[in-house]
Amino acid sequence: MAEYASDQAMDDIEALLTLANRSGEWNANHEPMLDRWRAARGEAGLTPWRWWAKAADDEEYANELATREEAIAWARREYRGEAITIVEARCFADEITGDEICEFAEMRNLEHFPPEDVL
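In what follows, the accompanying structure is described.

Cut-off values and rules
- Residues numbered from 1 in each chain as written.
- Predicted model: local features only at pLDDT ≥ 70, side-chain atom pairs only at ≥ 80, totals over all residues.
- Heavy atoms only, no water.
- Helix = DSSP H or I, 4+ residues; strand = E, 2+ residues; numbered from the N terminus.
- Buried < 20%, exposed > 50% of the residue type's maximum accessible area, 1.4 Å probe, protein only.
- Contact = heavy atoms within 4.5 Å.
- Core = buried A, V, L, I, M, F, W, Y, C linked by side-chain atoms within 4.5 Å.
- Patch = residues over 30% accessible without salt bridge, like charges linked within 9 Å, V, L, I, M, F, W, Y side chains within 5 Å.
- Areas by Shrake-Rupley, 256 points an atom, 1.4 Å probe, with all protein chains shown as cover.
- Salt bridge = Lys/Arg side-chain N within 4 Å of Asp/Glu carboxyl O.
- Lys, Arg positive; Asp, Glu negative; His and termini not counted.
- Charge placed at Lys NZ, Arg CZ, Asp CG, Glu CD.
- Pairing = 2+ DSSP bridges.
- Axes fitted to C-alpha atoms, helices over the stretch in contact; angles between N-to-C directions.

## Let's talk about the overall build of the chain
Broken down by element type, the chain carries 3 helices and 4 strands. For the chain, the sequential pattern of α-helices and β-strands runs α-α-β-β-α-β-β. Looking at the chain as a whole, 29% of its 119 residues are labelled buried. In the chain, of all internal contacts separated by at least 6 residues, the share reaching a separation of at least 24 is 61%.

This is how it looks when you write it as structure tokens:
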């Protein structure tokens, strides 16, 4: 019973945070709430590790791929003649801030490739 109540409470908190964000009422007080809620979810609140790629000068990563090799190949095709960056990352498994935004919860294996390495 307690586990069900705990799971239901987590779902309810997610719904309330989503409502606050989408209603335009989000403010600085909500950020620590979101951080605490995400921390409480632990591993269940994170997506699997995936590889992301972008042109080195871009601010946001453009594509999510299953393997390092796929990320490099995609970025070399997409950004021919440009420096590229790849990273292995995972996101928060919620859509509180909107599904168009994938915030990296954790990153590892960041690699930069200069233009001459791009075929």
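## A few points about the nonpolar core
One recurring pattern in soluble globular proteins is that nonpolar side chains are buried together. Counting residues in hydrophobic clusters, the biggest one holds 12 residues: Trp51, Ala53, Ala55, Leu65, Ala71, Ile72, Trp74, Ala75, Tyr79, Ile84, Ile86 and Phe113. Elements that contribute at least two residues to this core include exactly strand 1 (50-55), helix 3 (68-78) and strand 3 (84-91). The element best represented in this core is helix 3, accounting for 4 residues.

## Remarks on a negative patch on the surface
Taken together, the side chains of Asp57, Asp58, Glu59, Glu60 and Glu82 present a region of like negative charge at the surface. Secondary-structure assignment places Glu82 in the loop between helix 3 and strand 3. You can call Glu82 partly exposed: its relative accessible area is 38%.

## Section: the sheet that holds strand 1
Spatial ordering of the open sheet is given by 2-1-3-4, a layout of 4 strands whose pairing is antiparallel. With one partner strand each, in any of the chains shown, strand 2 (63-65) and strand 4 (104-113) form the two edges of the open sheet. Averaged over all neighbouring strand pairs, the angle between strand axes comes to 30°, with direction disregarded. Helix-sheet contacts for helix 3 involve strand 1, strand 2, strand 3 and strand 4, and the interaxial angle to strand 3 is about 135°.

## Considerations on the pattern of salt bridges
When charged atoms on two side chains of opposite charge get close, those side chains can pair. Within this structure, the stated rule accounts for 7 salt bridges. For Arg90, the salt bridge goes to Glu43, with nearest N and O atoms at 3.0 Å. Pair noted here: Arg90 is in strand 3 and Glu43 is in the loop between helix 2 (30-41) and strand 1, with a separation of 47 residues, a long-range link. On the basis of relative accessible area, Glu43 is assigned to the exposed category, the value being 56%. Of the charged contacts in the structure, one is a salt bridge between Arg50 and Glu64, with a shortest N-O distance of 3.3 Å. Of this pair, Arg50 sits in strand 1 while Glu64 sits in strand 2, and the two are 14 residues apart along the sequence. Glu64 gets classed as partly exposed once you look at its relative accessible area, which sits at 38%.

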